[in-house]
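# Survey of secondary and tertiary structure
Listed below, chain by chain, are the residues.
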Amino acid sequence: ISQPEGFLTRYRNTTVIFVAPLTYSSQKISDFLTKVLVMRQDGDVDISSEHGSQTPPLHTVAIVLAAGAGSRFLGNEHKLLTLLPGASNLTIFETSLTHALSAGFSHVIVVTGAAEIPASMLTHRNIVVVQNSRWADGQAGSIAMGIGEAQRLQATAAVIGLADQPFVTSTAWQRVARATTPIAVATYNGRPGNPVRLEQSVWPLLPQNGDSGARDLIRLRPELVSQVDCPGSAADIDTQEDLAQWT
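Residues numbered from 1 in each chain as written. Predicted model: local features only at pLDDT ≥ 70, side-chain atom pairs only at ≥ 80, totals over all residues. Heavy atoms only, no water.

This brings us to the sheet that holds strand S3 (residues 60-66). On the basis of which strands lie adjacent, the open sheet formed by 7 strands has the order S5-S4-S3-S6-S8-S7-S9 and mixed pairing. Two strands bound the open sheet, and with one partner strand each, they are strand S5 (127-131) and strand S9 (225-229). Each adjacent strand pair in this sheet contributes to an overall mean axis angle of 25°, direction not counted. Summarising the sheet, S3 and strand S4 (residues 108-112) pair through 5 bridges and their orientation is parallel. Opposite Ile-63, over in S4, you have Ile-109 as the bridge partner. The sheet strands contacting helix H3 (residues 139-152) are S3, S4, S5 and strand S6 (157-162), and the helix crosses S3 at an angle near 150°. Sitting on the sheet, helix H4 (residues 170-177) is in contact with S3, S6, strand S7 (183-188), strand S8 (191-199) and S9, with an inclination near 50° to S8. (Pairing = 2+ DSSP bridges. Helix = DSSP H or I, 4+ residues; strand = E, 2+ residues; numbered from the N terminus. Axes fitted to C-alpha atoms, helices over the stretch in contact; angles between N-to-C directions. Contact = heavy atoms within 4.5 Å.)

What follows is the structure, given as structure tokens:
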């Protein structure tokens with residue numbers, strides 16, 4: 001490689017060095033580093049190049065939920081604004097958002113609320129910000145606001161993920177976005193997680209309040225649901241202990 005860029009991720013007693021040519025896309029590099037971090041817990045993750053990844057359909061948008069209080073995270077700042085170890089000086093929020101943006105959606109709707117997300121983190125041209133002033137009412141309200149913005153953008157499907165799950169790769173966002181069932185759920189080693197794709201036909205079935213999000217709909221209407229095997233991890237950062245597992 002004539003002009004390499006080195007990317008270093010250190011975890012526990014092992015050092016992983018990824019050397020990539022300048023022609024590598026930021027998405028490929030980002031996904032690789034995420035998989036390196038995921039290897040610490042799963043121990044068996046394929047870090048070879050992904051094949052067949054495709055950008056999401058034109059009228060499918062991403063929704064990143066970033067409105068919650070994060071009250072279980074007993075730090076000096078909101079958990080979303082905490083630096084993620086091994087993530088090139090990016091916060092948990094920035095890492096999660098970067099994966100959604102790298103997937104190639106025409107629009108990424110960010111639903112904010114309790115945390116004061118700096119404007120500098122929301123400047124990408126594909127980002128649409130929606131403020132949920134009633135974030136304390138539960139996740140369902142944030143989803144409803146995101147879906148409302150998706151309707152305004154004339155989207156036909158939305159892929160919804162959480163801002164405190166920084167190990168959901170851009171490939172996972174892409175694979176779920178290209179599913180064809182009304183509801184598609186990402187799975188990791190057979191375990192369901194995020195993101196979740198919701199076709200516009202099921203939007204009226206979503207709850208308008210409470211904290212269940214789409215879980216009840218997925219449970220009650222299994223005939224509408226498919227599962228999509230994805231690389232990465234849906235591990236979320238809820239506590240300082242969760243964060244410590246990745247340092």
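Next comes the rest of the write-up.
The tally for this structure, following the rule as stated, stands at 7 salt bridges. Lys-79 is paired through a salt bridge with Asp-164; the nearest N and O atoms lie 2.7 Å apart. Linking Lys-79 in the loop between S3 and helix H2 (92-102) with Asp-164 in the loop between S6 and H4, this pair joins segments that are 85 residues apart in sequence. An identical accessibility class is assigned to Lys-79 and Asp-164; each is buried. Residue Glu-199 is joined to Arg-197 by a salt bridge in which the shortest nitrogen-to-oxygen separation is 3.7 Å. Residue classification places Glu-199 among the partly exposed residues on the basis of a relative accessible area of 23%. Owing to a relative accessible area of 7%, Arg-197 belongs among the buried residues under this scheme. Shared partners join several salt bridges into a network, and the residues in it are Lys-79, Asp-164 and Asp-238. (Salt bridge = Lys/Arg side-chain N within 4 Å of Asp/Glu carboxyl O. Buried < 20%, exposed > 50% of the residue type's maximum accessible area, 1.4 Å probe, protein only.)

Right, let's get into empty space enclosed by the protein. Using the criterion set out here, one finds 1 cavity of 30 Å³ or more in the structure. Taken as a whole, the largest cavity holds about 40 Å³ of empty space. Every residue along the wall of the largest cavity is listed here: Ser-96, His-99, Gly-161, Leu-162, Gln-165, Val-168, Trp-173, Asn-194 and Pro-195. Tallied by class, residues from the lining of the largest cavity come to 4 nonpolar, 5 polar and no charged. (1 Å grid on protein atoms, 1.4 Å probe; cavity = no way out; pocket = protein on both sides within 12 Å on 5 of 7 lines; lining within 4 Å. Points joined across faces, edges and corners; volume = space filled by probe spheres on them. Nonpolar A, V, L, I, M, F, W, Y, C, P; charged D, E, K, R; others polar.)

Function cannot be read off these values alone, since they describe shape.
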